[in-house]
Amino acid sequence: MKQTKSLFRRFLKGHFLFIFLPPIILIFLSAFIESPFNEEELNELNYFYVVLLLFGFIIVAFVVISWIFFLRLRKRLNRLQDVMSFSANHNSFPKPIVVQSDRMDEIDQLGSSFNWMIQQLEDSRKREHEEELLRHRLIANLSHDLRTPLTILRGHVTRLNKESLSLEGQNSLSEMNHTITRVGDLMDDLLSYTLLTSGKHPFEPTSTDIGRLVRASVAAWYPVFEEKEIQIEVDLPTEATFYWEADPKWMTRVLDNLFQNILRHAAEGKYVSIGVDVEKEQIIVADRGPGMDNSSYERGAGIGLSTSNYMLKKMKLKADFTSNEDGTRVAIGRESLT
């Protein structure tokens, strides 16, 4: 960008004129213009006061010009700062500022660079939004298209189950049916995560009784754990409780995902512990499975875990995982907790 004028150069020129021009003019007048006063009268005028007056004029001119210069400079910089502060406070891109192209000094160059940066950010956000929409549409279409072949496969498995097969063949069909079910669940998780991140699932936070919500979830899952012969240890205070500003449906979905993971990855441990720590305001879920690092292939891409983490972050919560070969412990609490 070509710089046509310099703000500080104009500042120095103005100061030079007001500081050095008056003495030069005074010397010129003294040298080439005959003084109307004689020497005795000049002595009576007192040279000291003349010099003092001239020096005072220079100082006042310097202060006034400097004050005007820096006042205008501060005003222009404050205008740029206000635009940046507004965007930071409202979590949005700032609006371009007005630049005087005919002047184009250092401040205008800064404003022009600022406008260029805003344009680049807006273009990047637009491209990112378009790519995200394309990705969501692709995932939705892919999930829909894969359901048809999975349904056909399940139909053939069901038909083969009616045939006379060896024990090995029946085990293979059972494994195929289980795999089809798992793939269907993964597609549902993927579609659910896509809809969630695209804002299709409404988020309605409200003051939620966490103790009551956890008891309702445990009651719903209790028969499932019993059917799998999993020992359940529950520590849910009946009187004390605490409240979070959270979406009850989302919190229930997070707990459902944790319990489902126990069935998928830690059922061999035959144990689950579910508790609420009112003092620390935490939900604690533990199992005695092989640990997250030793989970079976069924953990897949961790889409369910990503969905839960997204929901918790949206509700300003977090899940801390502690896992080893003796089991996994999950503590859900506020983000400020350490």
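Scroll up to find the structure.
Predicted, not measured: the structure shown is a model, and the values here were computed from it. (Residues numbered from 1 in each chain as written. Predicted model: local features only at pLDDT ≥ 70, side-chain atom pairs only at ≥ 80, totals over all residues. Heavy atoms only, no water.)

## A look at the overall build of the chain
For step 1, the next point in the chain: On a plain count of helices and strands, the chain comes out with eight helices and seven strands.
For step 2, the next point in the chain: Relative to its full complement of 338 residues, the chain shows a buried share of 29%.
For step 3, the next point in the chain: For the chain, the proportion of contacts with a sequence separation of at least 24, taken over those separated by at least 6, is 74%.
For step 4, the next point in the chain: By element, 58% of the accessible surface of the chain is carried by carbon and sulfur atoms, the whole surface being about 23,100 Å². (Helix = DSSP H or I, 4+ residues; strand = E, 2+ residues; numbered from the N terminus. Buried < 20%, exposed > 50% of the residue type's maximum accessible area, 1.4 Å probe, protein only. Contact = heavy atoms within 4.5 Å. Areas by Shrake-Rupley, 256 points an atom, 1.4 Å probe, with all protein chains shown as cover.)

## Comments concerning the packing of aromatic side chains
By convention here, two paired aromatic rings are described through the distance between centres and the angle between planes.
For step 1, the next point in the chain: All chains considered together, the criterion is met by five aromatic pairs.
For step 2, the next point in the chain: Considering the side-chain rings of F203 and W250, the 4.7 Å spacing of their centres and the 35 degrees angle between planes classify their relative orientation as tilted. A residue pair is termed long-range when its members are at least 10 positions apart, and F203 in the loop between α5 (167-197) and β1 (206-209) and W250 in helix α7 (residues 248-265) qualify at 47 residues.
For step 3, the next point in the chain: Owing to a relative accessible area of 6%, W250 belongs among the buried residues under this scheme.
For step 4, the next point in the chain: With 5.8 Å between their ring centres and 65 degrees between their planes, W221 and F259 make a pair best called edge-to-face. (Phe/Tyr/Trp six-rings, centres within 6.5 Å; stacked < 30°, edge-to-face > 60°.)

## What about helix α8 (residues 303-314)?
For step 1, the next point in the chain: A rise of 1.5 Å per residue sets the reference length of α8, with its 12 residues, at 16 Å; its end C-alpha atoms lie 17 Å apart and thus fit the reference within 8%.
For step 2, the next point in the chain: By the burial criterion, the buried members of α8 are I303, G304, T307, S308, M311 and L312.
For step 3, the next point in the chain: In this structure, the buried side of α8 is in contact with α5, α7, β6 (317-324) and β7 (327-334).
For step 4, the next point in the chain: Backbone geometry just after α8 places K316 at a positive phi near 60 degrees. (Expected span 1.5 Å × (residues − 1).)

## Examining the environment of D326
For step 1, the next point in the chain: Looking at the secondary structure, you find D326 in the loop between β6 and β7.
For step 2, the next point in the chain: Along the chain, D326 and G289 lie 37 residues apart, while their C-alpha atoms are 6.5 Å from each other.
For step 3, the next point in the chain: In contact with D326, not counting residues within four places along its chain, are D287, R288 and G289.

## Side note on the pattern of salt bridges
For step 1, the next point in the chain: Under the counting rule described, the total for this entry stands at two salt bridges.
For step 2, the next point in the chain: Where K318 meets D320, a salt bridge forms, and the shortest distance between an N and an O atom there is 4.0 Å.
For step 3, the next point in the chain: Residue classification places K318 among the partly exposed positions, given a relative accessible area of 25%.
For step 4, the next point in the chain: The exposure class assigned to D320 is partly exposed, which follows from its relative accessible area of 34%. (Salt bridge = Lys/Arg side-chain N within 4 Å of Asp/Glu carboxyl O.)

## Quick look at α5
For step 1, the next point in the chain: Taking 1.5 Å per residue, 31 residues should reach 45 Å; α5 reaches 45 Å between its end C-alpha atoms and fits that length.
For step 2, the next point in the chain: All buried positions along α5 are accounted for by L173, I180, R182, G184, M187, D189, S192, T194 and L196.
For step 3, the next point in the chain: Residue G199 follows α5 closely and has a positive phi angle near 80 degrees.

## Overview of the pairing of β7
Both faces of the sheet carry side chains from a regular strand, because those side chains alternate between them.
For step 1, the next point in the chain: β7 sits mainly inside the fold: six of its eight residues count as buried.
For step 2, the next point in the chain: Strand direction decides the pairing type here: strand β5 (residues 282-287) and β7, joined by four bridges, are antiparallel. Note on β7: the bridge partner recorded for A286 is R329.
For step 3, the next point in the chain: Looking at chain direction, β6 and β7 are connected through eight bridges and run antiparallel. Its bridge partner being in β7, L317 is matched across the sheet by R334.
For step 4, the next point in the chain: Counting the residues that bridge the hairpin from β6 to β7 gives two residues. (Pairing = 2+ DSSP bridges.)

## Concerning the sheet that holds β7
For step 1, the next point in the chain: Within the open sheet, the five strands sit side by side as β2-β4-β5-β7-β6. Their pairing is mixed. Of all strands in the sheet, those bounded by a partner on one side alone are β2 (231-235) and β6. Adjacent strand axes in the sheet meet at a mean angle of 10 degrees, parallel and antiparallel pairs treated alike.
For step 2, the next point in the chain: Across the face of the sheet, helix α6 (residues 210-227) comes into contact with β2, β4 (271-277) and β5 while running at roughly 170 degrees to β4.
For step 3, the next point in the chain: Relative to the sheet, α7 contacts β4, β5, β6 and β7, its axis offset from that of β5 by approximately 15 degrees. (Axes fitted to C-alpha atoms, helices over the stretch in contact; angles between N-to-C directions.)

## With respect to the side chain of T328
For step 1, the next point in the chain: Examined against the element boundaries, T328 turns out to sit in strand β7.
For step 2, the next point in the chain: Owing to a relative accessible area of 10%, T328 belongs among the buried residues under this scheme.
For step 3, the next point in the chain: A distance of 3.0 Å separates polar atoms of two side chains, one belonging to T328 and the other to S323.
For step 4, the next point in the chain: The contact partners of T328, leaving out residues within four places of it in the chain, are V285, A286, D287, G291, M292, F321, T322 and S323. (Polar contact = N/O pair within 3.5 Å; in protein donor to acceptor, adjacent residues only side chain to side chain.)

These figures capture arrangement, not role.
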